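# Observations on the model geometry
One-letter residues, chain by chain:
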Amino acid sequence: MKKAMIISNPSSGKEKAEQYVSQVQAILQAKQYAVVVNETAGEGDAAHYGLNACKDGCDLVISIGGDGTLHETINGMLDQEHRPLLGIVPLGTVNDFARALHISLDPDEAIEQLRSEQTRLVDLGMVNGRLFANVVAAGSLAEALFSVSAEEKSKLGSFAYLKEGLKDLVNTPANTLKIEYDGQSWEGESPLFLAALTNSVGGFEKLSPDAEVDDGLIHCFVIRNIGVFNSLTLGTSLFFGNLKEHKDVDYFTAKEVRVRSDETIRTNVDGEEGPALPIDIRVQPGYMKVIVPEKSE
């Protein structure tokens, strides 16, 4: 019999995770899986369970939770000889990776989509030895992103990030960044560097409309130091999907990127606080197979 593991964050989804676990369990058992359920109780638990799923030879792992739960789960699978198929039930505030894969943000619909026989081999990224699914941000603006409270995230979703970001963009001096990528370099003042694997960042699905989850590229944006007026036009560009065309944005794609600074600058990785600079980022093409909705859905 095939083996499946459900990794669930009970604090996600307005505490309805237990109900969703039962629904997922019923679908998997109908598909002839022997199912093990693991609930997270603290930081690192999802990674621990993800590692166990690999070592136990599980055929399928279902992540039920937000971007943080997913981030830990995939890192548990890092460097493992066997990596199970991944399924996602998004219960978080933003759920960028699910958005990029056209997985429904309605948990009941996302659970039904687990019946799909359609899979997709997707890229993941590596930053300083850890996997990420969606985005790495560096600079003073990135530091503001992980200061957004859980309450604000719940109330405003992606708009909490935009509100904090624009406020910080106007009020905080830029940092001096040194960026090397695929034999080229960029150096200058910037409040924000973004390295994205998908089209969706912070819930904005048009950040990089050309980005695909399996294109083998890191899509990079460097925002230069700007004032109040240009921060508003940046927001407009973000909504309409032409951020890379903005006159105060430098855009490039790469397979490997190194970001350095003489200042102490922390990063934001998949919506959570990440390592301080310097960082080395590289794409891991086709690293994980994920259940995606049938094309007709």
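Rules used in this analysis
Residues numbered from 1 in each chain as written. Predicted model: local features only at pLDDT ≥ 70, side-chain atom pairs only at ≥ 80, totals over all residues. Heavy atoms only, no water. Helix = DSSP H or I, 4+ residues; strand = E, 2+ residues; numbered from the N terminus. Contact = heavy atoms within 4.5 Å. Expected span 1.5 Å × (residues − 1). Buried < 20%, exposed > 50% of the residue type's maximum accessible area, 1.4 Å probe, protein only. Arc of directions from axis to C-beta. Pairing = 2+ DSSP bridges. Salt bridge = Lys/Arg side-chain N within 4 Å of Asp/Glu carboxyl O. Phe/Tyr/Trp six-rings, centres within 6.5 Å; stacked < 30°, edge-to-face > 60°.

On to the environment of valine 201, then. Inspection of the secondary structure assignment puts valine 201 in the loop between β10 (192–196) and β11 (218–223). Here the alpha-carbon distance between valine 201 and asparagine 134, two residues 67 residues apart in the chain, equals 7.4 Å. Excluding anything up to four places from it in sequence, valine 201 contacts Asp96, Asn134, Val135, Ala196 and Leu207.

Taking 1.5 Å per residue, 14 residues should reach 20 Å; helix α1 (residues 17–30) reaches 20 Å between its end C-alpha atoms and fits that length. When we look at burial in α1, the residues that qualify are Ala17, Tyr20, Val21, Val24, Ile27 and Leu28. Summarising the axial view, the buried residues of α1 lie within an arc of 130°, below the 170-degree limit, and thus occupy one face. Residues Glu18 and Ala30 are exposed on α1 and point more than 90 degrees away from its buried face. The inward-facing, buried residues of α1 abut β1 (2–8), β2 (33–39), β3 (60–65), β4 (85–90) and α5 (107–113).

The strand order across the open sheet built from six strands is β12-β11-β10-β7-β14-β15, with neighbouring strands paired in antiparallel fashion. The strands lining the two open edges of the sheet, one partner per strand, are β12 (249–254) and β15 (272–273). Of the strand pairs in this sheet, strand β7 (residues 135–138) and strand β14 (residues 267–269) are connected by three bridges, and their pairing is antiparallel. Across the sheet, residue alanine 137 finds its bridge partner in β14, namely asparagine 268.

Below, the discussion takes up the pattern of salt bridges. Enumeration according to the criterion identifies nine salt bridges in this entry. Between lysine 178 and aspartate 262 there is a salt bridge, and its shortest N-O distance comes to 3.4 Å. Linking lysine 178 in strand β8 (residues 175–181) with aspartate 262 in the loop between β13 (256–260) and β14, this pair joins segments that are 84 residues apart in sequence. A relative accessible area of 72% means that aspartate 262 is categorised as exposed. Here arginine 224 makes a salt bridge to aspartate 250, at a shortest N to O gap of 2.7 Å. Taken together, the residues arginine 224 in the loop between β11 and α9 (228–240) and aspartate 250 in strand β12 connect sequence positions 26 residues apart. Each member of the salt-bridge network shares a partner with another, and the members are Arg120, Glu212 and Asp214.

All right, on to the packing of aromatic side chains then. Enumeration according to the criterion identifies two aromatic pairs in this entry. Ring geometry for tyrosine 181 against phenylalanine 252: centres 3.6 Å apart, planes inclined by 15°, an arrangement best described as stacked. Separated by 71 residues along the polypeptide, tyrosine 181 in strand β8 and phenylalanine 252 in strand β12 bring together distant segments of the chain. Considered together, tyrosine 181 and phenylalanine 252 belong to a single accessibility category, that of buried residues. On the numbers, 5.0 Å between centres and 50° between planes, the contact of phenylalanine 221 with tyrosine 251 is tilted. Of this pair, phenylalanine 221 sits in strand β11 while tyrosine 251 is found in strand β12, placing the two residues 30 residues apart along the sequence. Looking at phenylalanine 221, the relative accessible area reads 1%, which means it is buried.

Glancing now at unusual backbone geometry. Cis geometry is found at the peptide bond from leucine 277 to proline 278, where omega equals 10°. Tracing the backbone shows proline 278 in the loop between β15 and β16 (279–291). Unlike most non-glycine residues, asparagine 95 shows phi in positive territory, near 60°. Along the chain, the position of asparagine 95 falls in the loop between β4 and α4 (96–100). Look at histidine 102: it is not a glycine, yet its phi comes out positive at around 60°.

Remember that the coordinates give geometry; whether it matters functionally is a separate question.
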